[in-house]
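Understanding the architecture of this molecule
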Amino acid sequence: MDKYSVLKETFGYTSFREGQEELVDAIVSGRDVLGIMPTGAGKSLCFQIPALLLPGITIVVSPLISLMKDQVASLNAAGVHAAFINSSLTENQCRKALEFAREGRYKIIYVAPERLMTETFLSLAGAVEISMVAVDEAHCISQWGQDFRPGYLKIVDFVDALPTRPVLSAFTATATRTVKEDIQCILGLEQPLVTVTGYDRKNLYFSVEKPKDKKQELLKYLMGNKGKSGIIYCNTRKTVEELHGELVESGYPATRYHAGLSDLERKQNQEDFIYDRSPIMVATNAFGMGIDKSNVRYVLHYNMPKDVESYYQEAGRAGRDGEPAECILYYAAKDVKINEFLIQQQENPELEREELELLRERNYERLRKMTFYCFTNECLRDYILRYFGEYGSNYCGNCKNCLTEFQDVDVTEEATVLLELVRSSRERYGIQAITDAVHGTVNDRVRRFGLDRNPGFGKLKERTVVRIRQILNDLLVKDYLSLTPGDYPVLKLTDQGRRFLALTREQDEASLAMAGRSAVEQKGISLTERNLAEHNEMAMTGRILAEQTGNDADGSRIVLKLPKEREKEPKKDQPEKRKEAAEVKYPQLFELLRQKRYQMAQEAHVPPYIIFSDKTLREMSTCLPQTEKEMLSINGVGTRKYEQYGKEFAGVIREYMRDNQISK
Ligand code: ADP
Ligand code: MG
């Protein structure tokens, strides 16, 4: 057997995806590896294929019971002998599994990290040949990661306790530098091949919405997406409960998941979701690690999550089959507040006070970047990719922003008024007070702060409050202003904001100087040499900034991108339409195959997608494979799966063709 025949015959795939082949090769040649690939990229295959090629057993360390169960079920369905050992087994089952393992019946054994150093497991490890230890979700080993699991530290002791050192392979979707270094150092990877693959998931559509009424908006969305499977993430258990109740009442097949439910109910609900009995899952972020359900068509965030890492990981659970899927985020200002509160509440007894402060600071910064995602009018995919240190093209054609027409509006004048007001009121007030003041609204707050006596008061009374808020947001996103964290966020000028104000002032002065020195002298200002040098430096910075932010060449103009009012007739040069699910030639057949799959899944007690993915069924409903050869040419159909399921599916296809008098 070589890697290609394992890929085809066991897993049913015709080609490796990006990164997979080099990782497989390295492992097989005996080299340690670290694979960093986004959720859904196909990390499992990177250690499963070598596991089948190496002479001995592979031990896979995995953090979650559900994840092990799922992967073992998948492997068994593909005809690979694999087992898991964790706390969900009875003492007896565990002993049996270890016994079989000792007899060499399994090629791959999944194990919870806490089990590694138990006496029974160690004695097994001493009695068999272990070729590889694969560490899945390897970021769990880092304290800086979001899911630190002290049990992961035991992996090192385990490897040390083995008579010969096996190959070590580690996999994660988390790409930050600290986590990457932690994994390499703590696990003690020896000159590993480190492979980082692209973070882009082209089949995912991204969108941010700011609905007035989130619930109504959600119901509208679900109405238009009936019959599809999706996850709705909320940031509190209470919201999960409320929404779930509402959806069930409206007749949607929804289930729920959060840490407040009993183990039993969580397990039950998760299975209902996976088996498509309840294809809609309402959950907190406790749900999802290791969920490999491939036909999730949308992930909708009802609240903004705490950082881009979490968002991309959660959103990435959509469209694992590579078919088009949607990632939608509902933003509200309250979400920011809740996240700030949670950061403040963070405790960790294992950290010193200063370390904790540092951690909080980093978390605020991450939250800020997440918030900007909700306000940028640039390509959303590009924003995410840049966050992870990659460069996208700044037009992806498959996100809300790329598909909305924008117009450039010069808001330099308004921005100057706003920044000047922030400065002259000594950076002590928040968004609301500043907005009210420039808009000329007299209320208690404005009076109390004395803002009604500021020269900037009412200077933008012709503008709508909405427009003023848009401009303020843009100034925050483009880093002219910043907000302090905490309960009463206050607007502060950033260095760039300060430079901008200075620059506009200097320009005024310069034009005054042009108009005649006397005017300048009258005001008691003269352009000294130093002033000029500063001016030049600022003009230079302005240019660099302009390149970065797309503003006017000398950095003295601020241009805001605002959505154009939709015109009734779509224009010719409108952005290309977004990608829809690939056409299925015979949709009725697709439904029949889905029913068949559901029925077989029930009989075999496995989730439907373990039999065949939607993508595979869609291909069948277009190509109409009947013979073994034709079936094996379909993506996702391997020899074993053909034997086990493929024949029956071919039967359904044949019947359908006959009933509808279709011939190829
Ligand atoms: P990850 O662990 O990286 O999040 P998985 O290993 O769970 O991702 O794989 C995600 C999906 O991609 C699975 O449904 C898997 O079968 C599929 N997959 C993996 N490799 C390939 C490949 N080479 N060709 C087609 N599909 C693949
Ligand atoms: Mg995985």
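Scope of this entry: the structure provided in the associated data block. (Residues numbered from 1 in each chain as written. Chains lettered and ligands numbered in written order. Predicted model: local features only at pLDDT ≥ 70, side-chain atom pairs only at ≥ 80, totals over all residues. Heavy atoms only, no water.)

Some details on the overall build of the chain
On a plain count of helices and strands, the chain comes out with 28 helices and 17 strands. Among the 664 residues that make up the chain, the fraction classed as buried is 51%. Sequence-distant contacts, at least 24 apart, represent 71% of the contacts inside the chain between residues at least 6 apart. (Helix = DSSP H or I, 4+ residues; strand = E, 2+ residues; numbered from the N terminus. Buried < 20%, exposed > 50% of the residue type's maximum accessible area, 1.4 Å probe, protein only. Contact = heavy atoms within 4.5 Å.)

Quick word on the packing of aromatic side chains
All chains considered together, the criterion is met by 18 aromatic pairs. An angle of 80 degrees between the planes, with centres 5.6 Å apart, marks the rings of Tyr480 and Phe500 as edge-to-face. Of this pair, Tyr480 sits in the loop between helix H20 (465-477) and strand S15 (481-483) while Phe500 sits in helix H21 (residues 495-515), and the two are 20 residues apart along the sequence. Phe500 carries the same exposure label as Tyr480, and that label is buried. An aromatic cluster is defined as three or more aromatic residues linked by ring pairs; in this entry it consists of Tyr199, Phe206 and Tyr312. The ring centre of Phe100 lies 3.8 Å from the NZ or CZ of Arg105, which sits over that ring. Just above the ring of Phe375 sits the side chain of Lys210; from NZ or CZ to the centre is 4.4 Å. (Phe/Tyr/Trp six-rings, centres within 6.5 Å; stacked < 30°, edge-to-face > 60°. Lys NZ or Arg CZ within 6 Å of the ring centre and 35° of its normal.)

Describing the nonpolar core
Residues Val133, Phe206, Tyr373, Met620 and Phe649 are the most contacted members of the largest nonpolar core, which totals 139 residues. Looking at this core, the element that brings in the most residues is helix H28 (residues 639-659), giving eight residues. What Phe649 contacts, discounting residues up to four positions off in sequence, is Leu593, Lys596, Arg597, Met600, Ile611, Phe612, Leu617, Met620 and Met631. Core analysis: the next-biggest nonpolar cluster, separate from the first, contains 31 residues, Leu23, Ile49, Ala112 and Val167 among them. (Core = buried A, V, L, I, M, F, W, Y, C linked by side-chain atoms within 4.5 Å.)

Notes on the side chain of Thr376
Topologically, Thr376 is positioned in the loop between helix H14 (353-375) and helix H15 (380-387). There is a polar contact of 3.0 Å between the side chain of Thr376 and the backbone nitrogen of Glu378. Residues in contact with Thr376, not counting those within four places in the same chain, are Tyr383 and Asn401. (Polar contact = N/O pair within 3.5 Å; in protein donor to acceptor, adjacent residues only side chain to side chain.)

Side note on the site of ligand 1
Neighbouring residues of ligand 1: 15 residues in total, closest Tyr13, Ser15, Gly40, Lys43 and Ser44. Between ligand 1 and Arg320, the relevant distance is 3.0 Å, taken from an oxygen atom to a side-chain nitrogen or oxygen of the residue. For ligand 1, whose free accessible area comes to 570 Å², the fraction covered by protein is 85%. Per element, the largest residue contribution to the shell around ligand 1 is three residues, and it comes from helix H3 (residues 43-53). Classifying every residue of the shell around ligand 1 by side-chain character gives five nonpolar, six polar and four charged. (Near = heavy atom within 4 Å. Areas by Shrake-Rupley, 256 points an atom, 1.4 Å probe, with all protein chains shown as cover. Nonpolar A, V, L, I, M, F, W, Y, C, P; charged D, E, K, R; others polar.)

Focus: the sheet that holds strand S7 (residues 193-196)
Taken together, the seven strands give an open sheet; going across it, the order is S3-S4-S2-S5-S6-S1-S7, and neighbouring strands pair in parallel fashion. Among the strands making up the open sheet, the edge pair consists of strand S3 (82-85) and S7. Put simply, the sheet's adjacent strands are angled 15 degrees from each other on average, direction ignored. Note that strand S1 (residues 33-36) and S7 share four bridges and pair parallel. Bridge assignment links Gly35 to a residue of S7, and that residue is Thr195. (Pairing = 2+ DSSP bridges. Axes fitted to C-alpha atoms, helices over the stretch in contact; angles between N-to-C directions.)

Things to note about the sheet that holds strand S12 (residues 296-301)
The six strands are arranged S8-S13-S12-S9-S11-S10 in an open sheet whose pairing can be described as parallel. Since the sheet does not close on itself, it has two edges, and those belong to strand S8 (204-209) and strand S10 (254-257), each with one partner. Within the sheet, the average angular offset between the axes of one strand and its neighbour, ignoring direction, is 15 degrees. In terms of strand pairing, strand S9 (residues 229-233) meets S12 through five bridges, oriented parallel. Bridge pairing in S12 links Ile232 to Leu300. Against the sheet, helix H9 (residues 214-223) contacts S9, strand S11 (280-283), S12 and strand S13 (325-330), and its axis sits at roughly 170 degrees relative to S13. Here helix H10 (residues 237-249) sits on the sheet and contacts S9, S10 and S11; the angle it forms with S10, its principal contact strand, is near 170 degrees.

Structural notes on H14
Compared with the 33 Å implied by 1.5 Å per residue over 23 residues, the 33 Å span of H14 between its first and last C-alpha is a close match. Every buried residue belonging to H14 is among Leu356, Leu359, Arg360, Asn363, Tyr364, Leu367, Met370, Thr371, Phe372, Tyr373, Cys374 and Phe375, and all of these are buried. Turning to H14, the residues buried within the fold contact S8, helix H12 (308-315), S13, helix H13 (333-345), H15 and H20. (Expected span 1.5 Å × (residues − 1).)

As for the pattern of salt bridges
The full count for this structure, using the stated rule, is 38 salt bridges. Residues Glu241 and Arg256 are paired through a salt bridge, measuring 2.7 Å at the closest nitrogen-oxygen approach. Separated by 15 residues along the polypeptide, Glu241 in helix H10 and Arg256 in strand S10 bring together distant segments of the chain. Overall, Glu241 belongs to the partly exposed group, its relative accessible area being 31%. Residues Glu427 and Arg498 are paired through a salt bridge, measuring 3.1 Å at the closest nitrogen-oxygen approach. Here the residue Glu427 occupies a position in the loop between helix H17 (412-424) and helix H18 (431-439), and Arg498 occupies one in helix H21, the gap between them amounting to 71 residues. In this structure Arg498 comes out as partly exposed when scored by relative accessible area, which is 38%. Each of Arg297, Asp321, Arg597 and Asp614 takes part in salt bridges that share partners, so that together they form one network. (Salt bridge = Lys/Arg side-chain N within 4 Å of Asp/Glu carboxyl O.)

Observations regarding the environment of Thr376
Note on Thr376: relative accessible area 10%, which makes it buried. A C-alpha to C-alpha distance of 9.5 Å links Thr376 and Val208, two positions 168 residues apart in sequence.

Topic: the packing of H13 against H14
Where H13 contacts H14, the two axes come as close as 10 Å, and the packing angle between them is 165 degrees. Classified by the angle between their axes, H13 and H14 sit roughly antiparallel to one another. As H13 packs across H14, the resulting crossing turns out to be right-handed. Contacts between H13 and H14 involve Val336, Asn339, Glu340, Ile343 and Gln344 from the first element and Arg360, Asn363, Tyr364, Leu367 and Thr371 from the second. In the contact of H13 with H14, the residues fall into four nonpolar, four polar and two charged. (Parallel < 35°, antiparallel > 145°, perpendicular 65-115°, else oblique. Left-handed = near helix turned anticlockwise from the far one by under 90°.)

As for H13
With 13 residues, H13 should cover 18 Å at 1.5 Å per step; its first-to-last C-alpha distance of 19 Å lies within 8% of that length. For H13, the complete set of buried residues consists of Asp335, Val336, Asn339, Glu340 and Ile343. Within H13, the buried residues cover an arc of 135 degrees as seen down the axis, which keeps them to one side. Packing partners of the buried residues in H13 comprise H9, S13 and H14. (Arc of directions from axis to C-beta.)

Some details on the packing of H9 against H10
The geometry of H9 relative to H10 is characterised by a closest axis approach of 12 Å and an angle of 45 degrees between their N-to-C directions. Classified by the angle their axes make, H9 and H10 are oblique. By crossing handedness, the relation of H9 to H10 is classed as right-handed. Residues Lys215, Leu218, Leu219 and Leu222 of H9 form the contact with H10, whose own contacting residues are Glu242, Leu243, Glu246 and Leu247. Residues belonging to the contact of H9 with H10 are distributed by class as follows: five nonpolar, no polar and three charged.

From the geometry alone we can't say anything about function, so treat these as descriptive.
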